[in-house]
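Spelled out from the first residue to the last, the chains are:
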Amino acid sequence: MELWGTTQLSSYCGRRKSSLFPDLAPISTTKDAYRSYSLPGYRQLGSWKPGALHRVALVPPSPDNPSGRPAPILPAFRSSLHSRYSTRDWQHANLLQLKSSEASRCSAGRLNADSMRLMQDKDQLTYHMQEDSRRNLGERMSNIDFWRSELTYELECLLKETLDLETAKKRLERAVDEMQGPLKTALECLYHREKRKGIDLVHDEVEKSLMKEVDVFKDCQETMTKLAQKMDQQLGINRDAQHALERDLSDKNSAHFIDEKCFNLRNTSDSISFYHGVEKADGTVSVPSTWAKFSDDNIRCSQHARANSVKLREDAELGLESTSEEMWNCFISTNLAFNNRIADVADAKNKLEAQLAKILQEILQTEDTIVLLERSILATEQSLRVAQTRLEGRNKRPNIELCRDAPQLRLVNEAFTLENTLQTLKQRLQEARDALQTLIFNKSELEHDISVKANSFFIDKHCMDQRKVFPSTPRLTGY
């Protein structure tokens, strides 16, 4: 009886063919003889088998196996016999493993000892560097505090001087504003008088006096304006110096806050983090010498601005009371010229109004004549229509009855006469309308002249009303 998995006739016994199995390829015989069976979740056993059959040498006969056939062995056992190691290989592998483990252990021991020494050295170096940085930050904060105090004192002095200069400038501006009032009134009078129309737009004594008054006011105002401009420029310089001080002080406050925050940082602080590459980017713009010189230059610039401001305030006290009398003299002479001109315009306006009344009366009569002419033309046109209609009707007489008789001749004569009459009436109507247009034009001219005179009269009266108020001498000097 043979074991399970063997064939009844094998190729080990010779080259005799079996009658039970056909002469197939070895792979087919093996596949048919040993059906692979795979459990759920496992790969099939045949998946690792080679594609060709193993060639096995013939086994010589032995006392245990007289037939010379090999012992029946499963295919899986056959393949495992060819993958076994020798004892020498096993001992050599163990020796190599022990030597490798010992070498790695010694190397790890040396590395651990070196690492401990390295950590101690680096810890000491890090501690000393942090202490040096902290001490440098403290010294830097002391320097910042010194310059902050200097900048604060200079800023207070500059602010006080700027306030005094602004007060002097306001007084000067008030004086200029008081001069601006009379000047504006004189200019407005000139501008209003430019609104005069036609022949009234003359260069009279009033205009000459106003132009002289404007020149005097401008000359008086020019000196104050120049001084005010100088003060304004100086205030700008003061503000620039103040801005430089405030900016420098603000920067130092920010730097002090940042340095103080950095001074208080520890390894256990919550706000620390990694900023990779920050030590490679150099964003500094100054060195300690230029940093101190910057604040010193700001303080010196502020001191120079304060000195110029004091000089301007002293100059502003002079020249505010020199032009008041001249301005009053021009004001009085211009008012006298205005009164004379108003009287002349009023007299001319009265004469034009009397002539306008006569023109209006003649216009009424001409309009009545035009109405009568239009009625006469309408009546003549009706008669002409009758005559022409009669002629048209008689032209429709038949044959021999179309005779040029006395009625025909009379109707033709009547038509020509009525047409001439109509043309004469229309011509007279046109002449009457032309006369009316001439009268209306003269009326409009008179009305225009009257309106011009009334406009000039109103402008001069309005200018006089504007000139009733004139600033006093103290107000002209800025008080």
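All values reported here derive from a predicted model rather than from experimental measurement.

S.K.: Hey, could you run me through the pattern of salt bridges in this one?
M.R.: Any two side chains of opposite charge can pair, on the condition that their charged atoms come close. Counting across every chain of the model gives 30 salt bridges. Of the charged contacts in the structure, one is a salt bridge between E213 and R467, with a shortest N-O distance of 3.0 Å. Taken together, the residues E213 in helix α4 (residues 205-263) and R467 in the loop between α7 (406-466) and α8 (473-476) connect sequence positions 254 residues apart. Classification of E213 as buried rests on a relative accessible area of 1%.

S.K.: Is there a simple way to think about the packing of helix α3 (residues 87-193) against α4 in this case?
M.R.: Any two packed helices are characterised by how steeply their axes cross, that is the angle between the axes, and by the distance between the axes. As a packed pair, α3 and α4 sit with axes 6 Å apart at the nearest point and diverge in direction by 165 degrees. Taken as axis vectors, α3 and α4 run roughly antiparallel relative to one another. Classified by chirality, the crossing of α4 by α3 is left-handed.

S.K.: What am I meant to see in the side chain of K169 here?
M.R.: By the secondary structure assignment, K169 is in helix α3. On the accessibility criterion, K169 (13% relative accessible area) is buried. Filtering out sequence-adjacent residues up to four positions away, K169 remains in contact with A228, M231, D232 and L235.

S.K.: Hey, could you run me through the UniProt feature "coiled-coil region" (unreviewed entry) in the protein chain in this one?
M.R.: Per the UniProt record, the feature "coiled-coil region" (unreviewed entry) sits at residues 342-369 and 415-449. Secondary structure across residues 342-369 comprises 100% helix and 0% strand; the distance between its end C-alpha atoms is 42 Å. Summarising residues 415-449: 100% helix, 0% strand, and an end-to-end C-alpha distance of 50 Å.

S.K.: Teacher, can you tell me more about the layout of surface pockets here?
M.R.: Empty space among the atoms can be located by rolling a probe the size of a water molecule over them. What the second largest pocket holds in volume is close to 800 Å³. Taken together, 20 residues form the lining of the second largest pocket, with Q130, C262, L265, N267 and I272 sitting closest to its centre. Secondary-structure elements contributing two or more residues to the lining of the second largest pocket are α3 and α4. It is α3 that provides the largest number of residues to the lining of the second largest pocket, a total of seven residues. Its residues assigned to classes, the lining of the second largest pocket comprises nine nonpolar, six polar and five charged.

S.K.: Explain the confidence of the model for the protein chain to me, please; I cannot follow it from the model alone.
M.R.: Close inspection of predicted coordinates is inappropriate for parts of the model with low pLDDT. Of all residues in the protein chain, 83% attain a pLDDT of 70 or more, and the chain-wide mean is 81. This model gives residues 1-59 a pLDDT under 50, and the stretch forms 34 contacts once residues within four places in sequence are excluded.

S.K.: Is there a simple way to think about the packing of α3 against helix α6 (residues 324-394) in this case?
M.R.: The contact between α3 and α6 brings their axes to 12 Å, and the two run at 25 degrees. Judged on the interaxial angle alone, α6 and α3 are roughly parallel. The crossing of α3 and α6 is left-handed. Of the residues in α6, those touching α3 at M179, P182, C189 and R193 are M327, F338 and R341. For the contact of α3 with α6, a count of residues per class yields five nonpolar, no polar and two charged.

S.K.: Looking at this structure, I do not really get helix α5 (residues 288-316). What am I missing?
M.R.: The periodicity of an α-helix, 3.6 residues per turn, causes residues three or four positions apart to be oriented the same way. The end-to-end C-alpha distance of α5, which contains 29 residues, comes to 43 Å, matching closely the 42 Å that a straight helix rising 1.5 Å per residue would cover. Within α5, burial applies to W291, S295, N298, I299, S302, A305, S309, L312 and A316. Here the buried face of α5 lies against α3 and α4.

S.K.: Help me out: how do you make sense of the nonpolar core in this one?
M.R.: What tends to happen in soluble globular proteins is that the nonpolar side chains get buried as a cluster. Judged by nonpolar contacts, the single largest core of 36 residues is most densely connected at L172, M327 and F338. Elements that contribute at least two residues to this core include exactly α3, α4, α5, α6 and α7. Each of two domains, domain 1 (97-266 + 289-344) and domain 2 (345-477), supplies a minimum of three residues to this core. If we ignore the near neighbours within four places in the chain, the residues touching F338 are C189, R193, V206, L210, D460, C463, M464 and R467. Counting 21 residues, the second-largest nonpolar core is a separate cluster that includes I359, L422, L439 and L446.

S.K.: Explain empty space enclosed by the protein here, please?
M.R.: Tallied over the entire structure, the rule returns one cavity of 30 Å³ or more. When its volume is computed, the largest cavity comes out at roughly 30 Å³. Looking at the lining of the largest cavity element by element, the count peaks at three residues for α3. Among the residues making up the lining of the largest cavity, the classes are represented as four nonpolar, no polar and two charged.

S.K.: What is the right way to read the packing of aromatic side chains from this model?
M.R.: Each aromatic ring pair is described using two quantities: the centre-to-centre distance and the angle formed by the ring planes. Under the definition given, this model contains five aromatic pairs. With a centroid separation of 6.2 Å and 35 degrees between ring planes, the pair formed by F217 and F470 is classed as tilted. Taken as a pair, F217 in helix α4 and F470 in the loop between α7 and α8 lie far apart in primary sequence, 253 residues in all. Linked through ring pairs, F217, W328, F331 and F470 together constitute an aromatic cluster. The residue whose ring lies beneath R140 is W291, and the NZ or CZ to ring-centre distance is 3.7 Å.

S.K.: Explain the side chain of S309 here, please?
M.R.: Mapped onto the fold, S309 is located in helix α5. Using a relative accessible area of 0% as the deciding quantity, one classes S309 as buried. Look past the residues within four positions of S309 in its chain and what remains in contact with it is E161, L165, Q234 and N238.

S.K.: Can you help me understand a negative patch on the surface in this one?
M.R.: A contiguous patch of negative charge, built from D215, D219, E325 and E326, is present on the exposed surface. Among the elements of the structure, α4 and α6 are those that each provide at least two residues to the negative patch. Relative to the elements of secondary structure, E325 occurs in helix α6.

About the criteria used
All chains use their own residue numbering, which begins from 1 and follows the written sequence. With the structure being a predicted model, the display of local features is reserved for residues of pLDDT at least 70 and the display and counting of side-chain atom pairs for 80 or more, all residues being used for whole-chain, interface and lining totals. The side-chain numbers reported here are obtained from all heavy atoms of the structure, hydrogens and water having been left aside. Should a side-chain nitrogen of Lys or Arg be within 4 Å of a carboxyl oxygen of Asp or Glu, the pair is scored as a salt bridge. By the criteria applied, helices consist of DSSP H or I runs no shorter than four residues and strands consist of E runs no shorter than two, each listed in order from the N terminus. The rule is simple: take the accessible area with a 1.4 Å probe, protein chains only, and divide by the maximum for that residue type; under 20% is buried, over 50% is exposed, in between is partly exposed. Think of each axis as a best-fit line through the C-alpha atoms, taken over the contacting stretch in the case of a helix, with angles from 0 to 180 degrees between the N-to-C directions. Oblique is the label for any angle not covered by the other classes, which are roughly parallel (under 35 degrees), roughly antiparallel (over 145) and roughly perpendicular (65 to 115). For a crossing to be left-handed, the near helix must be turned anticlockwise from the far one by less than a right angle; the clockwise case is right-handed. Residue contacts are defined here by distance: any two heavy atoms, one from each residue, within 4.5 Å place the two residues in contact. UniProt positions are given in the numbering used here, feature names are shortened, and annotations may be inferred rather than shown by experiment. Grid points spaced at 1 Å and placed over the protein atoms alone form the basis of the search, with a cavity being a set where a 1.4 Å probe fits but cannot get out and a pocket an open set showing protein on both sides within 12 Å along at least five of seven lines. Lining residues have an atom within 4 Å of a point. Grid points are joined across faces, edges and corners, and a volume is the space filled by probe spheres set on the points. Residues are sorted three ways: Asp, Glu, Lys and Arg are charged, Ala, Val, Leu, Ile, Met, Phe, Trp, Tyr, Cys and Pro are nonpolar, and all the rest, Gly among them, are polar. Per-residue confidence from the predictor is reported as pLDDT, a score between 0 and 100. Expected helix span is taken as 1.5 Å per residue step, with the number of steps being one fewer than the number of residues. As used in this record, nonpolar core signifies buried Ala, Val, Leu, Ile, Met, Phe, Trp, Tyr and Cys residues forming a set joined through side-chain atoms within 4.5 Å. A domain assignment, automatic or from a database, supplies the domain bounds used here. Only Phe, Tyr and Trp rings are paired, with Trp represented by its six-membered ring, and only when their centres lie within 6.5 Å; those with planes under 30 degrees apart are stacked, over 60 edge-to-face, the remainder tilted. For a ring to carry a charge above it, either NZ of a lysine or CZ of an arginine must fall within 6 Å of the ring centroid while also lying within 35 degrees of the normal to the ring plane. Every patch collects residues that have over 30% relative accessible area and no salt bridge, joining them within 9 Å if they carry like charges and within 5 Å if they are nonpolar side chains (Val, Leu, Ile, Met, Phe, Trp, Tyr). Here, Shrake-Rupley sampling with a 1.4 Å probe gives the accessible areas, and only protein chains in the shown set may cover a residue. In this charge count, Lys and Arg are treated as positive and Asp and Glu as negative; neither His nor the chain ends contribute. All charge positions are set by atom: Lys at NZ, Arg at CZ, Asp at CG, Glu at CD.

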